[in-house]
Amino acid sequence: RCRGVLGWCDADCVKGPRFVELIRGRVSKGHAAQGLVSRLGIFPSGKRLDRGAFGDFEDAWAMGVAETRGFGDAVAFHRSDFRRAGRYHEGFEGWGAEDDDFRDRLSRIARITRYPDLRSLHLWHEPPERQNEDALRNAHLLDRRRKGRG
């Protein structure tokens, strides 16, 4: 059980089999956890693999089909820190930047520790159209908020 623990993660990522178990004991008031994300099936050669190309989650690393991207895609935190950070800003609409905005505010009130064993696989998909109206508006709002004007 992870009482009082909340979190968010990108919808196009699959969490490791022990993700919730590993969060236990790492998240408390003032202490958040962020995991390592690896991209699945994108290689310099252009070769792509999808979820059906390997047997289970751990096989993706054993077969070398997961390329580590760094930390991101998921953060777990205590419910009280969610309230103290101010929840999500409702000015963000559509795709992008709402998670960056929340993580900025969360990092001011809680220590976000990065754990390489909290792993996720980012599933391959066509790149989204990032230069759409929502994404541009959200990027401007994030910039204003980071400068204290939003």
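The structure this text deals with has already been given above.
Residues numbered from 1 in each chain as written. Predicted model: local features only at pLDDT ≥ 70, side-chain atom pairs only at ≥ 80, totals over all residues. Heavy atoms only, no water.

Of note, the phi angle at arginine 87 is positive, near 55°, even though the residue is not glycine. Following the sequence through the fold, arginine 87 ends up in the loop between α3 (79-85) and α4 (98-109). We classify arginine 87 as partly exposed; its relative accessible area is 46%. Notably, alanine 97 is not glycine yet its phi reads approximately 80°, a positive angle. Here alanine 97 lies in the loop between α3 and α4. The exposure class assigned to alanine 97 is buried, which follows from its relative accessible area of 10%. (Helix = DSSP H or I, 4+ residues; strand = E, 2+ residues; numbered from the N terminus. Buried < 20%, exposed > 50% of the residue type's maximum accessible area, 1.4 Å probe, protein only.)

Given a rise of 1.5 Å per residue, 14 residues ought to cover 20 Å, and the 20 Å separating the end C-alpha atoms of helix α5 (residues 133-146) matches this to within 8%. If you check which residues of α5 are buried, you get Ala135, Asn138, Leu141, Leu142 and Arg145. Buried positions in α5, seen along its axis, are confined to an arc of 125° and lie on one side of it. Turned more than 90 degrees off the buried face of α5, the exposed positions are Glu133 and His140. Taken together, the buried residues of α5 touch α4. Positive backbone phi, approximately 80°, marks glycine 148, located one or two places after α5. (Expected span 1.5 Å × (residues − 1). Arc of directions from axis to C-beta. Contact = heavy atoms within 4.5 Å.)

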